[in-house]
Every structure is written in structure tokens, then in C-alpha cells.
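# Descriptive analysis of the structure
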Amino acid sequence: MGNYVGKSMKRVEDPRFIQGQGRYVANLKIYGMTHAAIKRSPYPHAKINSIDTAAAEALDGVIAVFTGKDLADSGVNPIPCGFTPPDIKLPPHHALAIDRVRHVGDGVAVVIAESAYIAYDALDLIEVDYEPLPAVVDAKAAAQPGAPQVHDEVPNNVSFTWAIGDEAAVNAALAACDHVVELDLINQRLIPNAMEPRAAAAQWDSAMEQMTVWTSSQNPHTIRLLLSAFTLGIPEHKLRVISPDVGGGFGSKIFHYAEEVIVPWAARKIGRPVKWVATRSESHMTDAHGRDHVTHCKLGMSQDGIFQALHIENYANMGAYLSLFAPMIPTALYHTLMAGLYKTPVIYGVTYGTMTNTTPVDAYRGAGRPEASYVLERLIDIASRDLNMDPIEMRRKNFIQPDEFPYQTPVALIYDSGNYDAVFDTAVEMADYSAMRAEQAAARAAGKLVGVGVSGCIEASGAGPSAAVVSLGAAIGLYESGAIRVHPTGKVTVLTGAHSHGQGHETSLAQIVGDELGIPISDIEVIHGDTERLPYGVGTYASRSMAVGGGALVMSAQKIRDKITRIAAHQLEAAVEDMVYDRTTGTVHVKGAPDKAKAFGEIAFAVTLANNLPAGMEPALEETSYFDPPNFTFPNSAHIAKVEVDKDSGEVTLLDYVAVDDVGNIINPLLVEGQIVGGVAQGVGQALWEHGAYDAEGQLLSGTFMDYAMPRADGFPQIRVGRTVTPSPSNPLGVKGAGEMGTIAGTVTVVNAVMDALAPLGVRHLDMPLTAEKIKAAIAAANGGSN
Amino acid sequence: MYPPKFDYLRADSAANALELLAANPDAKVMAGGHSLIPAMNLRLADPGTIIDIGRVADFKFLSANDGYVGIGSGTTHAEVAASSDVPSALSEAAGLIGDPQVRNRGTVGGNIAHADPASDLPTVLVALDATISTVSGSGTRMIKAGDFFVDLFETALNDGELVAEISMNQDGANTGSAYAKLSNPASRYAMVGAAARVTVEGGVFTAVSVAVGGLTPKAQAAPSVGAALVGQAATADNIAAAAAAVQNDLGDDVMGDIHASADYRRQMATVFVKRALTKATERAG
């Protein structure tokens, strides 16, 4: 046990955030800086006949106005897609639309002005002659004959078809099953809404021919690569990308956005720095949305509830363009999770990725895995009711057992470790499940609609083995870098390719390094988010920072310890194998002779003097490592929720929520609990409130917080968090991802609870969000149409 | 969020506010700014000139006298929510507006002058039969709440006229009032709001006043509910039966949106009138 790992420690970054001293892109002030605003399409689909920018250009304080044609004429390339399964149809995605707009919010021109106010005034002076075209919104409707075509390059709007499993075998197994549950469901579109809106700024240094781009991003190195190799063509060694403090991402800040192309291009063009900060309305229109699936699914089982086969047919809405990782989400991160916690022997799944006149859809907290868990856990919930079996008992009957790991699922993945019964035992005990059921029975007898919902979810987190993800179609490897630089005074700079945008890495990674080297964390500074300061890094998403980024730092720490040990042995004239590195004190001593010792700081200074090092040793105490994990990690959960539905109004009240998660070893329980609680809130938000809604013509109806319902604290009881620990063999720390389990489980647990409340009325399924009106209508229908 | 350019004038007294308004007839008057500023930021409003009356001391008071309470138009929602002098329905409704930041800046006068149909206070003021006093260059006027709200975002205020005070009877002996609402899950504005004040003497309703809002272009009284209830015993069954009478008072102008259809809101009028009546009746005891 070290001094730090496993302990709940408050975040070292918090004092600056809670005192308003965070440094976000919006805070950036550069001498001569100008401000950009983007003219956006009010139409979901229209031909651009002409754009008249003269009046805007004439406005006092406007420096320039540029259109999509200006960018294309100067050689700016379309924004690429970074996940391309075979036979994918790739429509071009221009940073500014050239001759056609394809969703509300599609950019058509950019104004650069002396102030943001002037820039926005000028937007109103740009005249765009649009010729409206018919639009398509729904993922499945887009693939039907006669649907409006979003791109000439994508016939029938189907960009790709991705399948896994043996469909004939699954159909045969289903035909032989005692019982098959069949369900149509919609996993509705969500709008991520990080607290900090996206922002980008850029400065061109003409003397050095060097571009610096600041962007509110989860992965600055990836953005540098894409700006260099694809969109702007600026040589990578002349391009610095900085993601300073970033106020949340939830996946939506992974992708290469149009403004990251427009802003540096314009900065170079006008020879002055440019900054753009999204308004909240722009965030709603242009941040990649999440989910949006239309799914038909079947689960077959024996009469005693043993799962035999699963069949999934899914339409995934890609929106108007293919965002960076969009095709990966409803395919490699979705169908591969359909085994869940269970030993279903045969599984088939197919996803059609369709183009529509809506904002592009991409990874959003959980990214494919919440959608997968939603399908599976809804099916099981209905099955348990059909077979009159307790939903937990049915799940337990089908669990993969602890001695069966590593477990090869029928959908490609090999699960690393787990003990699902233990997770459920803990949840059942914390929730006092039998008492909960007894209370429910009493409430029902009193005429109340009370429901108990359970779920057991799995996640593939800590992406991932590079070879595996690249073979699936990803255009980047998913290793991570971690460097440790020991200064002459023994202070330490830690450089990580992971990126913290709310996770607290400046604390958790310091805890890891502090324990690995035996030094106080007050001697450690964690640096992230700057391509010029760091070794090449991949970034933070898919709950990968501790598992992969932490692993790289463990490797570097090992190298540092080895070198310190060799120097100490040399100076103490002892054999290296006789040395002991004490990781609680940061000292190295000769075995059996604790006073024959060298402290960490002494060695650090000795390295600088370089006059008494082992022969041939380089005088440096700095190590860089790259960790490419052998497998994903597979966190898993048992969540239990209790709800009451108001019979008169249909309103749902969440009465109790127990979240038990096995995320492997834990670096900082406080931060993990925060991740779980926040994740559950986000998951419940989808179940009950959130909906990125379009009308049939393609207008965004939930364009502001007046109409997009975020979860709020008053909608929740105290979320009770518990855990079991099954270490992962996939990384040196034994950790599993903790960032997404809450979201994955929260949604389906609460939907299952509401459906349990309505079960006595014969209600089988309602699509999310479970609004009061929807529930009231179901109650009325069950009562023969009367209220 | 970047509003269009505007001039900003701050009034230091009621008289000064009227002078500024007379000199700038197209100006928009602002108190807390919680409706106006978002509309400007979204470029839905471009007033050119703003006259800020948010610091006018003449409009900031809350005093009870002789069973009557007067609230200055510049009183914040937070002050109303915390007051034990105002009827329970009013403090309850004020406490449900927005969040603490909104309640600490938003004012009662600004709220009712804006006349948002989804706002909470108009419904309560109609149920409480409140009187709205105004000032203008031509003197003062007293307008009944039921006459003040004219239509969607439209009041009986004339150009150059400001809300000065809102006054009403306190909840007296054997009297209770309450507000219940079905909130829009996003904005928390009322999709259906119901306010009730009842007097119960000897176990029998002797006075009942009910209003609904949120679902119609303006807050409106529901006299059918009171008519059905006065003279009846204060029982849950009687309340439930009388609440349904609100349907007689709703016309064909019930509104719907993505959060709740008109039909559902109409149904919920009965449910929330029942809730308001039930709570008001408990408080009357």
C-alpha cells in the first residue's frame, strides 16, 4: 500500500477552478486578437444560390468575411472521417458549406472583426440566397426508397452496413427457442452540453512559419495530426495545438470540428490572431450529438430463462456528415457489447449508418455501449416479466462465471475479468432488495404505481489494443504516452498524452507517480494538453486515462526507479541486486543496511553533477514510455432504482438509486464516486428528460436550455454508490474505466424501474424520454382510455 | 451571447424613470432583466435603449397593513418567497421561479409586465384578485389582475406607464392559498399552473377562488370551480369533483408544444387545480 493510491484525495486542480482562475480558450487574450463569428444555415437542407457579403464587409470594425469557396480555393481540404469500415461511402465534409447546406447550423461564412459584438452584428448583414430542399430526419426513414438524398455520394443515404455474427445460426436458434422477446425501440438523440462551450483560437507566426492553435479539445495531438495531414496541410513540426483547461467534453470534444479549420486558416490569411467561442445555441446546433438509434431486437431463451440467441437490427443516425469517429460508435463499440454479462451462445447484429439533415452524431459518454446495454437490458427485463421470474434471478442464471475468464464472447471481445454475482450481491444488500420488493407490493396494494428497476451492464473501456481497433477500421492507434522528468532538486514533471477536462488527472496521475517513486505529490506537476511540451499522445475518451495513460506512467516510473537504483548501488559500492527501493519513502538502501541509503533527491542532484555515475550511463533522469494495452478493460455494474409514477399526471419520482460498480482497482475513490454519480445523473437524464428533438422538416426544436431538459439535482435522491474490486489483468495498475459505467447503467435502470411500475397495467415498453404525458397516455390507454 | 448595440439609462427614482421614458418613448424598461437580456442575446429583441429601473428605491417595499399587503414592483422573487406577509400561494409560486440567481434579481413588476403566459405569478395574482397600481405621466391607475393580463405577452399597461405596486388581501382567518404547477422539464416554466384560495368555516367552503395559467395565452380565473365548491363540505371527494369543473372555464385556446400537448395540458388543469385546492384547504384549517 502506497501513500496515495487508493485514498480519497481532493483535487489539486480545484482551488484554481473554484476561484475563477481556470484558463480556458475563451480567457485567452493575444495582442492584436480578432474575433470570429460563423453565419449558419437556418435551413435543414438547401441549395446555396449566392452569398452576398458586401454589407457585412462594409461594417465598421469588420476585417474580413470568408465563405466556403474562399477556403476551398486556397486548398483547404474536407474534414476526414477516422473510422472507415469496408465499403463505406464517405461524403465530403467542408468546414464551410460551398453549394449546399445540410443541417440547421451548417456554417456558410465566417466574419472576422475587431470585437465579437461587431462580428455578430455583421452576421445579420450577410445575405444568403437559399433554395430550400426537402429534408430527412429519421435514421430509418432516410434509408427508405424515395427519401430526400443528403449527399450525391451516398445512394439511399446508407453510408455503411456493418454486421457481426452468423445470422442464419441466430435465426435457427431463435426458431428453436421456447420464448422469444421481440422489441422495437428508439434510443433518442441527445445533445452533450459540456459546461464550457467549444472554442478555438489561432496565431500565425510568419517569421517562424509556425501556427499555434488553442482548442477546447480532449485530444490535441489528434487534432494536430488531422490539421496537418488532412485539412490545412500545415507541417506537423510547425504546428502546435494547445488544449488548456477544458470544461467538460463527454466525448463531444474528441472530434475535429470545422472551427478548428476555419480559425487558423483565417488567422494566417489576415495575419492576426483570431478567436472563436461558441454560444450555447451554437453548441446545440453544432456539437456532435449522441445516440439516435432505431432498433429492432429479439432475444430467445429456454422456458427456464437461459438465453439462446440474440438478433439486433439497428439504424444509426449519422447526421449530415460523418464526424470523426461516428461510424465506430454504433458498430465496433455497440454490437461487440451485446453479450453483456451473459453466456448467450450466438449473437447477430447489423447496423445501417444513415445520413440525414441533422447535426452529425458521434461518441457521447458511453458511446455505443449505453445503446447496447439499453437493448439487452430492456429485453431481459421484459423476458423476466414474461416468464414470471425475478429480473435479478434471470440475470444470475446467465452470468459468465468468475472461473470462465478470460471469456471469449461470440461478438469478438475477450472479457478480462469479473465476478458478476459479487457485484449483484453487494447491490442487493445495499438496496435491501427484498424489502424494496415488499414495499412495492404494499404500495401496489394501496393503489400506487411503484417500480423497482435493475440492470447489469458491461463496458469495454480503456481503449484499447491498437492492433484490434485499427483492424476494426480506426485510423489511429490507441496507446498512450507518459513521461517523467526528474529535475535536479528532485521535483518532478509528469507529462501525459491523456487530457483532463474534468477527470482530475492532475491529482490521480500524481497519486500514481507519487507512489511509484515514493515522493510527495506536492513535488509533482502533471502537464497535459500541449503538443509542444508532451511526447505524442492519444487523448482522453473511452475511460482510458488511468488504464492506458496510467500504465505508461507506471512503465516510466519503473525505468526511473531502475536507474536510481543503479546509481545508488554504484555510489554505495553495492551490487544492484542487493538494493531495495523503498516506495513509501523514496529512498534506496542496501538490503539489511537501511542506513546505507540514498534519497530520491540526492540521486536527482547526483545525476546533474554526472561525475559519479556508473560507466556509460547517460546523465539524465527522464523517461518516456508508451503503453499499448493487450486488451480493453471490462468494468461492470449492478444498479437498482426505485421509482413512483403519479397516476393522475404521469410524473416520475426517483425514490432511491443504488449503483454498485466493479471498476477494478481504484486510484482515488472520491473521484471515482464523482464519476459514477455524475454518470448516473447523465444516464437518468436520457431516461426521463433529455431529447435532441427535430421536427419532421428538420428544424431543431430543442435549440436552447428552454427546451432541452438537462438533469438537475432536484430530480435525484442521494445516489448510493458501492463497489466490488476485480482487478484487470490488462494494465499494470489493475484498473478498469470508471467514467462511463454510471451513464451506461443509469438510463436502462430507470427505464426498467418505470416499466416495472407500469407493469400491472400491462404496459410493455415506452420510448425515452419518459415524459409525464407519455406515461399518462399509457396509463389512460391501459384503463380503456379513461383517466 | 452577444446582444445588438443598445444605450443604457438608469433611473434613480420613479419620477426620473417616467421622465426618461417620456424622453425615450421607444425604450424598453428593465428591472431584473431576466426576460429581456436573454431575448437580446438571442437577438430576438433589439430595443435600442434600455431604461433600468432595477435600483429605484420607490419600487422596493413589501408592507402589510390591516389584512392587506402591498408589494413594490421592484421587489425580488426571493424577497416575496421569503415573506410570511404575502399569501402562501404567492410565496410558494415565487419560490418556484427559476433558480436562486434568477430569484435574487428578477422582480415581481418585471415579471407581470412581461406577461409570459408560462409565468407563475400572473396565475396566482388572478386567483388572489390582486390589484396592480401603475404610475405614468398622467397619474396613477388601479387595475385588477384579471384585467391586467390581456393576451400572450400583452398587458393593460399603456405606453409610458409603469407597474408601481401589487396589492392583495392576506390569507385571513380560516383561509389558505396554494399554487401547484406542472413544470416544463427544461425551462421549469409552468406548462400548467393552478392557484387557489379557499375559506373554510365549520367544515364548509365559504369562499373559493381559483385561476389557471401556463396552458392558455394568459392566466385566467376558473369561476366554475368556486361555484361548484362554495357551500360544500371540505372533503377530498368534493374537491376532486369541483376541480373537474375547470374544464368549463377553458376555451379552445389551450396551447401545446414538444413538452406537452394541448390535450394533456387540458387534462392536467383538473389534476393541478385539485392539488392546489387540496393544499389550500389544508392551510385554511
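Further up the page is the structure itself.
Structural notes, computed from the coordinates. Residue indices begin from 1 for each chain and proceed along its sequence in written order. Whichever chain is written first is A, and whichever ligand is written first is 1; the rest continue in order. A pLDDT threshold of at least 70 governs which residues receive local features in this predicted model, and a stricter bar of 80 or more applies before side-chain atom pairs are shown or counted, although totals over entire chains, interfaces and linings include all residues. Side-chain measures were taken over the full set of non-hydrogen atoms in the model, leaving aside hydrogen atoms and water.

### Considering the packing of aromatic side chains
Residues and elements named next belong to chain A. Note on aromatic pairs: the rings of Phe, Tyr and Trp (six-membered ring only in Trp) are paired at centre separations within 6.5 Å, and the planes decide the class, stacked below 30 degrees, edge-to-face beyond 60, tilted for the rest. Applying the stated rule across the entire model yields 19 aromatic pairs over all chains. Residues Tyr-407 and Tyr-415 carry aromatic rings whose centres are separated by 6.4 Å and whose planes lie at 45 degrees to one another, so their mutual orientation is tilted. Pair check on accessibility: Tyr-407 and Tyr-415 agree, each one buried. Three or more aromatic residues link up through ring pairs in this structure, and these residues are Phe-307, Tyr-342, Phe-399, Phe-405, Tyr-420 and Phe-424. It is Arg-268 that lies over the ring of Trp-204; its NZ or CZ is 4.1 Å from the centre. Geometrically, a lysine NZ or arginine CZ counts as sitting over a ring once it is within 6 Å of the ring centre and also within 35 degrees of the ring normal. Stacked on the ring of Tyr-541, the Lys or Arg Arg-544 has its end atom at 5.7 Å from the ring centre. When accessible area is computed with a 1.4 Å probe and restricted to protein chains, residues below 20% of their type maximum are described as buried, those above 50% as exposed, and intermediate ones as partly exposed.

### Concerning the environment of Ala-681 of chain A
Residues and elements named next belong to chain A. Note that Ala-681 resides in helix H17 (residues 669-688). Considered as a pair, Ala-681 and Phe-716 are 35 residues apart in the sequence and their alpha carbons are 7.9 Å apart. Contact definition: two residues touch when any of their heavy atoms are within 4.5 Å. Apart from residues lying up to four places away in sequence, Ala-681 is in contact with Pro-711 and Phe-716. Every helix listed is a DSSP run of H or I at least four residues long, and every strand listed is a run of E at least two residues long, numbered separately from the N terminus.

### Focus on the pattern of salt bridges
Residues and elements named next belong to chain A. For this document, the term salt bridge refers to a Lys or Arg side-chain nitrogen within 4 Å of an Asp or Glu carboxyl oxygen. Enumeration according to the criterion identifies 50 salt bridges over all chains in this entry. The salt bridge partner of Arg-764 is Asp-386, with a shortest N-O separation of 3.2 Å. Highlighted residues: Arg-764 in the loop between helix H18 (741-758) and helix H19 (772-782) and Asp-386 in helix H9 (residues 369-386), separated in sequence by 378 residues. For Arg-764, a relative accessible area of 37% corresponds to the partly exposed category. Three or more residues joined by partner-sharing salt bridges are found here, namely Arg-378, Asp-381, Arg-385, Arg-437, Arg-444 and Asp-756.

### Quick notes on the nonpolar core
In summary, soluble globular proteins display a tendency toward joint burial of nonpolar side chains. Residues and elements named next belong to chain A. To form a nonpolar core, buried Ala, Val, Leu, Ile, Met, Phe, Trp, Tyr and Cys residues must be joined to one another through side-chain atoms within 4.5 Å. Residues Tyr-415 and Val-754 are the most contacted members of the largest nonpolar core, which totals 127 residues. With 11 residues, H18 is the largest single contributor of residues to this core. For Tyr-415, the residues in contact, after removing those within four places along its chain, are Leu-337, Ala-339, Gly-340, Ile-400, Phe-405, Pro-406, Tyr-407, Thr-409, Tyr-420, Ile-458 and Phe-634. Membership of the second largest hydrophobic core comes to 44 residues, among which are Ile-519, Ile-521, Ile-667 and Val-735.

### Observations concerning the interface of chain A and chain B
Contact residues are listed per partner, giving 26 residues for chain A and 24 residues for chain B. When two components associate, each loses some accessible surface as probed by a 1.4 Å sphere; the sum of these losses over both components is called the buried area. Contact between chain A and chain B buries roughly 2100 Å² in total, counting both sides, with carbon and sulfur atoms accounting for 55%. Along the contact surface separating chain A from chain B lie six salt bridges. With a shortest N-O distance of 3.0 Å, Arg-275 of chain B and Glu-651 of chain A are connected by a salt bridge. Nitrogen and oxygen atoms within 3.5 Å of one another constitute a polar contact, given that in protein one can donate a hydrogen and the other can accept it, and given that sequence-neighbouring residues count only through two side-chain atoms. Taken together, the connections running from chain A to chain B amount to 11 residue pairs in polar contact (both at pLDDT 80 or more). Listed by contribution, the elements that provide at least two residues to the side of chain A that touches chain B are helix H4 (116-123), helix H8 (280-286) and H19 of chain A. No other element matches H4 of chain A, which puts four residues into the side of chain A that touches chain B.

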